[in-house]
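Descriptive analysis of the structure
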Amino acid sequence: MKTLAELEEIRKRTFDEIGMRTHTDYTRVVVGMATCGIAAGAREVMNAFVSEIQKRDIADVNVSATGCVGVCRLEPIVDVIDKDGKKVTYVHMTPEKVAKVVLEHLANGKICLEYTLQEEE
Amino acid sequence: MQLFRSHVLVCGGTNCTFANSEKIIAAFDKNLVENKLENEVKIVQTGCFGLCEEGPIIVIYPEGTMYFKVDVKDVQEIVQEHLLKGRLVSRLLQQSSEAVEGEYAIEKSSFFKKQMRVALRNCGVINPELIDEYIAFDGYKALGKALTEMKPMEIIKTIKDSGLRGRGGGGFPTGTKWEFAAKQDNEQKYICCNADEGDPGAFMDRSVLEGDPHSVIEAMAIAGYAIGANYGFIYVRAEYPIAVKRLQIAIDQAKEYGLLGDNILDTGFKFDLEIRLGAGAFVCGEETALMTSIEGKRGEPRVRPPFPAVKGLWQKPTILNNVETLANIPVIMLKGSEWFASMGTEKSKGTKVFAVGGKINNTGLIEIPMGTTLREVIYDIGGGIPDGKKFKAAQTGGPSGGCIPASHIDTPIDYESLIELGAMMGSGGLIVMDEDTCMVDIAKFFLEFTVDESCGKCNPCRLGTRRMMEMLDKITKGKGVMSDLDELENLAKDIKASSLCALGQTAPNPILSTLRYFRDEYEAHIRDHKCPAGSCKALLAYEVIEEKCVSCGLCAKNCPVNAITGSKKEKIPFVIDQDICIKCNVCFEKCPAEAIKK
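Residues numbered from 1 in each chain as written. Chains lettered and ligands numbered in written order. Predicted model: local features only at pLDDT ≥ 70, side-chain atom pairs only at ≥ 80, totals over all residues.

Considerations on the sheet that holds strand β13 (residues 402–405) of chain B
Note: strands within a sheet are paired through backbone hydrogen bonds, in either parallel or antiparallel orientation. All names here are of chain B. Short version of the rule: One requirement defines pairing of two strands: DSSP has to find at least two bridges between them. The secondary structure listing takes helices from DSSP runs of H or I that are at least 4 residues long and strands from runs of E that are at least 2 residues long, numbered from the N terminus. Simply put, an axis is a line fit to the C-alpha atoms, just over the touching stretch for a helix, and the angle between two N-to-C directions goes from 0 to 180 degrees.
Read across the sheet, five strands follow the order β11-β10-β14-β12-β13 without closing on themselves; strand pairing throughout is mixed. A single partner strand is all that each edge strand has here, and the edge strands are β11 (364–369) and β13. With direction set aside, neighbouring strand axes in the sheet form an average angle of 30 degrees. As defined by bridge partners, strand β12 (residues 391–396) adjoins β13 across four bridges and the pair is classed as antiparallel. Residue pairing for β13: glutamine 395 is matched across the bridge by cysteine 403.

Below you can see the structure in the form of structure tokens.
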């Protein structure tokens, strides 16, 4: 027999997993997954995002794929778009960098400036 | 629990299952493994999305992209393009929609924009075979609230204040019904769910049971607590195998979680239920016949009063609620009666699910706030009439209801306005008819159904409906006389007044309402021996208009019985031999010069 508290626990746990089906105010992590991105290692980057987010139990974030934005030399490119639509673009991502972005940006709201596009002077 | 970045929801309702959705799921499983996506993407079989015309339908989250008419061979492309590379497969998006770049979410399509999904809130969102997914969207929270925070009378008051009325047809206030049963002093009471959906073309109850079975179970437990019942029956037609299967899975899971059985949620409340299968008799949707059938006897109605709330199953106080009514209960409990009462019209609160069929582009299942006009349903949500034909009438309430003619297309749909028009809400079947539909023939179609389904217990229904059908048959064959119309009307009123149960009492409705709005069509059949819609075969004669005939020979070439002669070479106009013609309409359709009249 389940108690109300156990029911609430199931609700939370399952909602984290399937809430994306109705919930709209999510932070979105969009990974460039065109041929150029995949060749540069975007699949590993994307998988790293999913597993890091799960590991740190961060709610309200979803990960999706997108096409090529045209700067193939910077792939793998990842956009993090917060609930208000503000976008941060990370370039040349690797699974190691992902761990840091998840911890600092997604969990603590601090942008990892060193991985963003640094315009050459 | 594993986190997936993307969920692919495949419709597992009856219509889409029929259209191969199970093979699509298998193809997804295979393709995901081939592309090594099986740990990133989750395939979920879910309930009906409502757009059955465009099925099988799949929706991919988090984007909310909806793909239509998906075939097994499209799966590979969807996996490689959408799931792997994040590119839309645009050829499978809704063709008619005025979709703007980036706005492919299902909620934005014209079909969904005007809808408000309350009873169908979880259909097409959760996997109905997993209780955890129901719980995730606040499932069984209402039951917890009822058992721990509310007294039975408070629950009844909430339902009463919400203004919820029976969605199975009658429109009786649900809270009042519960109150009657609660006031009965009896140790044994029962809760029944009427899932014997029998109207031709109606399938909203099936979709709720298939897409969200737990909402019905939860509502029945709440009802049990409110009136003091500890046992329930769900009476569902055996013709709904998927619904029955998912319902049984849901009951088993609820029992496993202790949400059914003894001491629910550790509150000491006890409630259990079982499924009873109906054998396909339409009359068993009538509440007294349904109870007689559950008791193991021949499904025949009995006289009311006593009403079931006083003497029902095995003479004990019993509540009967329709599936859709029950599906509304948990939401009302959580969001409050005021929230529910804020939707709809003065006397009809909330939303209503309609199964839209017939001559309309988007056949399927829709849920709209009460008071939405028929025009919005047909043109905005339904996408209009195919082939640019004219809207003639809509039949609501199936064989028990009546038609709403085009002149009343701006009537807001609620219980009262439909009854005023001579139709009724019924369970929510909505059949759209265009200019090619003969109203006499439609009345005959529905009457044939009730003649077949009359249980035979009372004379007015058993004999009367048959006599009415014979008269209609005579009229559609051009053998009627004018006095038939008055006789038909009188007989219809007598049957309405004297039949034992709602089946007989409502059976004359299609005749009365078509007589009311389309009496001229009846008269044309009798006086002129003509069917104005060109649909009654016995009254048709196909003829070639000589001046218009271009002697192309297409009619003769396509005639299945070689009734048409003429010559293409010698430019002799074609003629139809009336003795051979079977009135199949092929020549009429094929003629490029519109030279054939009927």
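The discussion continues.
Here's the deal with the pairing of strand β2 (residues 61–66) of chain A
Side chains on a regular strand alternate between the two faces of the sheet. Residue and element names in this part refer to chain A. This is how the line gets drawn: Residues with at least 20 other C-beta atoms within 10 Å of their own are called buried, those with 12 or fewer are called exposed, and the rest are partly exposed. The C-beta atoms themselves are positioned from the backbone.
Where burial is concerned, most of β2 is hidden: five out of the six residues are buried. Where strand β1 (residues 27–32) and β2 come together, six bridges link them in parallel fashion. Bridged to glycine 32 within β2 is threonine 66.

A look at the nonpolar core
Here is the rule we go by: Throughout this description, the term nonpolar core refers to a group of buried Ala, Val, Leu, Ile, Met, Phe, Trp, Tyr and Cys residues whose C-beta atoms join them within 7 Å.
Core analysis: the biggest nonpolar cluster contains 211 residues, and Val31(A), Phe49(A), Cys192(B), Val216(B), Met220(B) and Ile222(B) have the highest contact counts within it. For this core, the element with the most residues is helix α10 (residues 213–227) of chain B, which contributes 10 residues. The next biggest cluster of nonpolar side chains, apart from the first, holds 13 residues, and it includes Tyr542(B), Ile564(B), Phe574(B) and Cys591(B).

What about the pairing of β1(A)?
Residue and element names in this part refer to chain A. Counting buried positions along β1 yields five of six residues, so the element is predominantly enclosed. Note that β1 and strand β3 (residues 78–81) share four bridges and pair antiparallel. Within the sheet, the bridge partner assigned to valine 30 lies in β3 and is aspartate 79.

A word on the domain arrangement of chain B
Residue and element names in this part refer to chain B. Filter applied, for reference: Where each domain starts and ends follows an automatic or database-derived domain assignment. In this description, any two residues whose backbone-derived C-beta atoms lie within 7 Å of each other are considered to be in contact. All amino acids are sorted into three groups, where Ala, Val, Leu, Ile, Met, Phe, Trp, Tyr, Cys and Pro are nonpolar, Asp, Glu, Lys and Arg are charged, and the leftover types, Gly among them, are polar.
What the domain assignment reports for chain B is domain 1 (6–107), domain 2 (131–341), domain 3 (351–434), domain 4 (439–527) and domain 5 (541–597). Placing the centre of domain 3 and that of domain 4 at their C-alpha centroids yields a distance of 22 Å. At the interface, 11 residues of domain 3 touch 15 residues of domain 4. Taken together, the elements giving at least two residues each to the side of domain 3 that touches domain 4 come down to β12 and β13. If one sorts the elements of the side of domain 3 that touches domain 4 by residue count, β13 sits on top with three residues. The residue makeup of the side of domain 3 that touches domain 4, split by class, is six nonpolar, five polar and no charged.

As for the packing of α10(B) against helix α13 (residues 323–335) of chain B
Residue and element names in this part refer to chain B. Here is the rule we go by: For this classification, under 35 degrees means roughly parallel, over 145 means roughly antiparallel, 65 to 115 means roughly perpendicular, and everything else is oblique.
Packing of α10 against α13 brings their axes to within 8 Å, and their N-to-C directions diverge by 75 degrees. Taken together, the axis directions place α10 and α13 in an arrangement best described as roughly perpendicular. Facing Ser215, Val216, Glu218, Ala219, Met220 and Ile222 of α10, the residues of α13 in contact are Val323, Leu326, Ala327, Ile329, Pro330 and Met333. Each residue belonging to the contact of α10 with α13 can be placed in one class, and the counts come to 10 nonpolar, one polar and one charged.

Some words on the interface of chain B and chain A
A common measure of how large an interface is: the accessible area buried when the components associate. If you look at the interface, chain B gives 27 residues, while chain A gives 29 residues. Looking at the side of chain B that touches chain A, the elements with two or more residues in it are β1 (6–11), α3 (75–85), α5 (131–136) and α6 (141–149) of chain B. Residue composition of the side of chain B that touches chain A, by class: 11 nonpolar, seven polar and nine charged.

Remarks on helix α9 (residues 204–211) of chain B
Burial within α9(B) is extensive, with eight of its eight residues counted as buried. The set of residues buried in α9(B) consists of Met204(B), Asp205(B), Arg206(B), Ser207(B), Val208(B), Leu209(B), Glu210(B) and Gly211(B).

Details of the packing of helix α7 (residues 152–162) of chain B against helix α8 (residues 174–183) of chain B
Residue and element names in this part refer to chain B. As a reminder, the rule being used: Take the far helix as your reference; a near helix turned counterclockwise from it by less than a right angle gives a left-handed crossing, and one turned clockwise gives a right-handed crossing.
Put simply, α7 and α8 touch, their axes get as near as 7 Å, and they point 155 degrees apart. Taken together, the axes of α7 and α8 lie roughly antiparallel to each other. Between α7 and α8 lies a crossing of left-handed hand. Contacts between α7 and α8 pair Pro152, Ile156, Ile159 and Lys160 from the former with Thr174, Gly175, Thr176, Trp178, Glu179 and Ala182 from the latter. Taken together, the residues of the contact of α7 with α8 break down into five nonpolar, three polar and two charged.

Some points on the sheet that holds strand β8 (residues 269–278) of chain B
Residue and element names in this part refer to chain B. One open sheet accounts for five strands, arranged β7-β8-β6-β5-β9; its pairing is mixed. With partners counted over all chains shown, the strands left at the sheet margins are β7 (261–264) and β9 (318–322), one partner each. Across the sheet, the mean angle separating the axes of adjacent strands is 25 degrees when strand polarity is ignored. Looking at chain direction, strand β5 (residues 190–195) and β9 are connected through five bridges and run parallel. Each residue of the ladder has a partner; that of isoleucine 191, found in β9, is isoleucine 319. Of the strands in this sheet, β6 (231–237), β7 and β8 touch helix α11 (residues 241–256), which is tilted by about 165 degrees from β8.

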